[in-house]
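Coordinate inspection notes
For reference, the chains in residue letters:
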Amino acid sequence: MSLTTLFTDLALRLQSTEFLESARHPEHPTAFTRRRKLPLPSLVALMLTGMRMGVQAELDTFFAHLAGQAQLLRTVSEQAFAQARAKLSLTAIPALNDWLVARAEQHGFVPRWRRLRLVAADASTVRFGVRASKLVHAAQPDQILFGLFLPGAELMLATSLHGIDECGERQMLAQHLDRLSSDDLLLLDRGYPSRWLVALLSERAISFCMRVDKAGDGGFACVRAFMDSGLDEQVVTLSAPSRRDAADYDFTCTPQRVRLVRHVASTGAVRVLMTNLFDTGRFPASAFGDLYHQRWRIEEAFKRLKSRLHLEHVSGLSQQAVVHDVAAKIMCDNLQALVALAAHHQADLRALDRINHSYAHTVIKRAMPALLFGKKVAKHLRETFKLLGKHTYLHRENQSKPRKHRPKPHKFMTQKPC
């Protein structure tokens, strides 16, 4: 399936009765039935363009692009937008994103690693630019965004927002395990290893690769012994998790066999990776270094969402508005990733050339209103591909750029991009 067909189908779905029935908020069962200046397809399409500016500026820009004119077009007020969005279900856009990812995977946009789909899991702190409010359900300024990410296609599979003290990242992952199957390979960093999580993943037949080396005396004793042994790989047995964890997460409390693999990074750092992939022919130890490195793509996705799509600049003060904004910007990033991927293939670039995603957002945002309404999709995509193929950068392998740890301020609601 071409990207033209995908956008055409997405436009049809936005205007379908099925989407209308599922998109209504439970408290507004008759919403979006009357003809308004901002009907449901326009509301969702506007949000999927990646709203970064003030609401009124976004509305005027959206309708100007939709009409194909250079000057801003005042059609809908920001008050009308707020009223319409209040009637939108919290699950409407996440369900639409599920549809998009399923279609993308069905038609070959999601590559496989040795017949397995790679899924990276991680969480990131988000500091929303909200201000003091008397709303009953006002958003908390500090929250945790958990995500499942498909590195090969640069698509976010699923996300959820959590309070700072609500639960740990392992518990967040456990809540999303129904999204995974035996055809998936889960990539995890050093914050996830635990005996109960290893047992839970193994019982559900979910393959995993997680980094388990810890500084000093931290981590598993068998991992510390493996690091001292000098071996390249070893199969060890973890002791059984506690009965309380087994009861809480509904798995059998038994010892677990795992495979440890040593990887030496380009910087000389020694990493130990734990996996339940025991087939050394299909999964040799030498393949795990590059495999684990693909987990870094979810870190880049969080950075892209925060820096380029301004995830923390929200368009409302309520938690409902924050949930809608996060879901919409994640799907916007997924759509842009698919366009950039198709543009890369169309341009026939060199192996180390990459599409500039910052420039891609600028180009795609202008075309998105027409694409989401199915207007001259092929023409707009051709023009977009042509522009993106001319603006690339050279990707350099094995470069290390340590992050600088510094305090992170809250965004100011008045300091949105123009």
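Just so we're clear, the structure is a prediction, and the values are computed from it rather than from any experiment. (Residues numbered from 1 in each chain as written. Predicted model: local features only at pLDDT ≥ 70, side-chain atom pairs only at ≥ 80, totals over all residues. Heavy atoms only, no water.)

**Here's the deal with the overall build of the protein**
- Helix and strand counts for the protein come out as 15 helices and 10 strands.
- Taking all 418 residues of the protein together, the buried fraction comes to 49%.
- Taking contacts inside the protein between residues at least 6 apart in sequence as the whole, the part at least 24 apart equals 69%.
- Carbon and sulfur atoms provide 49% of the accessible area of the protein, an area that totals close to 20,600 Å².
- Of the charged side chains in the protein, 58 are positive and 39 negative; the average position of the first set lies 7 Å away from that of the second. (Helix = DSSP H or I, 4+ residues; strand = E, 2+ residues; numbered from the N terminus. Buried < 20%, exposed > 50% of the residue type's maximum accessible area, 1.4 Å probe, protein only. Contact = heavy atoms within 4.5 Å. Areas by Shrake-Rupley, 256 points an atom, 1.4 Å probe, with all protein chains shown as cover. Lys, Arg positive; Asp, Glu negative; His and termini not counted. Charge placed at Lys NZ, Arg CZ, Asp CG, Glu CD.)

**Examining empty space enclosed by the protein**
- Counting across every chain of the model gives two cavities of 30 Å³ or more.
- Its volume calculated, the largest cavity comes out at about 40 Å³.
- For the lining of the largest cavity, the secondary structure elements donating two or more residues are helix H4 (55-67) and helix H14 (357-372).
- Tallying contributions element by element places H4 first for the lining of the largest cavity, with four residues.
- Among the residues forming the lining of the largest cavity, the class breakdown is three nonpolar, three polar and two charged.
- In this structure, the second largest cavity spans a volume of roughly 40 Å³. (1 Å grid on protein atoms, 1.4 Å probe; cavity = no way out; pocket = protein on both sides within 12 Å on 5 of 7 lines; lining within 4 Å. Points joined across faces, edges and corners; volume = space filled by probe spheres on them. Nonpolar A, V, L, I, M, F, W, Y, C, P; charged D, E, K, R; others polar.)

**Some thoughts on the pairing of strand S7 (residues 256-264)**
- Note: strand S6 (residues 233-238) against S7, six bridges, orientation antiparallel. Looking across to S7, one finds that Leu-238 is bridged to Gln-256.
- Taken together, the six bridges between S7 and strand S8 (residues 270-275) define a ladder with antiparallel strand orientation. Each residue of the ladder has a partner; that of Leu-260, found in S8, is Met-274.
- The antiparallel hairpin formed by S7 and S8 contains five residues in its connecting segment, where Gly-268 sits at a positive phi of about 95°. (Pairing = 2+ DSSP bridges.)

**Concerning helix H9 (residues 221-229)**
- Burial in H9 covers these residues: Cys-222, Val-223 and Phe-226. Angular distribution of buried residues about the axis of H9 spans 100°; they occupy a single face of the element. Exposed positions of H9 whose direction lies more than 90 degrees from the buried face are Ala-221 and Asp-228.
- At its buried positions, H9 is contacted by S6, S7 and S8.
- Positive phi shows up at Gly-230, right after H9, with a value of about 80°. (Arc of directions from axis to C-beta.)

**Some points on the pairing of strand S1 (residues 117-127)**
- When you tally the buried positions in S1, you get nine out of 11 residues, the bulk of the element.
- Of the pairings in the sheet, the one linking S1 to strand S4 (residues 184-188) comprises four bridges and is parallel in character. Within S4, the position partnered with Val-119 by the bridge is Leu-186.
- Bridge count for S1 against strand S2 (residues 142-150) is eight bridges, and the pairing is antiparallel. Each bridged residue has a counterpart across the sheet, and for Ala-121 the counterpart in S2 is Leu-148.

**Describing the sheet that holds S6**
- Across the sheet, eight strands lie side by side as S3-S2-S1-S4-S5-S8-S7-S6; this open sheet has mixed pairing. Because the sheet does not close on itself, it has two edges, and the strands there are strand S3 (155-163) and S6. Recorded for the sheet is a direction-independent mean angle of 25° between the axes of neighbouring strands.
- Where H9 meets the sheet, its contacts fall on S6, S7 and S8, and the angle it forms with S7 comes to roughly 40°.
- Most of the contacts of helix H12 (residues 296-307) go to S1, to which it runs at about 40°, and overall it touches S1, S2 and S3. (Axes fitted to C-alpha atoms, helices over the stretch in contact; angles between N-to-C directions.)

**Some words on the packing of aromatic side chains**
- Per the counting criterion, the structure on display carries four aromatic pairs.
- Between Phe-62 and Phe-63, the aromatic rings sit 5.1 Å apart at their centres with planes inclined by 85°, giving edge-to-face as the arrangement. There is no split in this pair, since Phe-62 and Phe-63 are both buried.
- With 5.8 Å between their ring centres and 20° between their planes, Trp-113 and Phe-283 make a pair best called stacked. With a gap of 170 residues between them, Trp-113 in the loop between helix H6 (92-106) and S1 and Phe-283 in the loop between S8 and helix H11 (288-293) connect regions that are remote in the sequence.
- By relative accessible area, which is 4% here, Phe-283 ends up buried.
- Every member of this aromatic cluster is reached through a ring pair, and the members are Phe-62, Phe-63 and Phe-373.
- The ring of Phe-278 has Arg-257 lying over it, and the distance from NZ or CZ to the ring centre is 4.9 Å. (Phe/Tyr/Trp six-rings, centres within 6.5 Å; stacked < 30°, edge-to-face > 60°. Lys NZ or Arg CZ within 6 Å of the ring centre and 35° of its normal.)

**What to know about the environment of Val-326**
- Relative to the helices and strands, Val-326 resides in helix H13 (residues 319-347).
- Here the alpha-carbon distance between Val-326 and Ile-93, two residues 233 residues apart in the chain, equals 9.7 Å.
- For Val-326, the residues in contact, after removing those within four places along its chain, are Phe-128, Leu-145, Leu-161 and Leu-311.

**Looking at the pattern of salt bridges**
- Summed over the entire model, instances satisfying the criterion amount to 23 salt bridges.
- One salt bridge in this structure joins Glu-58 and Lys-365, with 3.0 Å as the shortest N-O distance. Of this pair, Glu-58 sits in helix H4 while Lys-365 sits in helix H14, and the two are 307 residues apart along the sequence. With respect to burial, Glu-58 and Lys-365 carry one shared label: buried. (Salt bridge = Lys/Arg side-chain N within 4 Å of Asp/Glu carboxyl O.)

**Focus: helix H3 (residues 40-48)**
- The element H3 is extensively covered by neighbouring structure, given that nine of its nine residues are classed as buried.
- All buried positions along H3 are accounted for by Leu-40, Pro-41, Ser-42, Leu-43, Val-44, Ala-45, Leu-46, Met-47 and Leu-48.
- Backbone geometry just downstream of H3 places Gly-50 in the positive-phi region, at approximately 85°.

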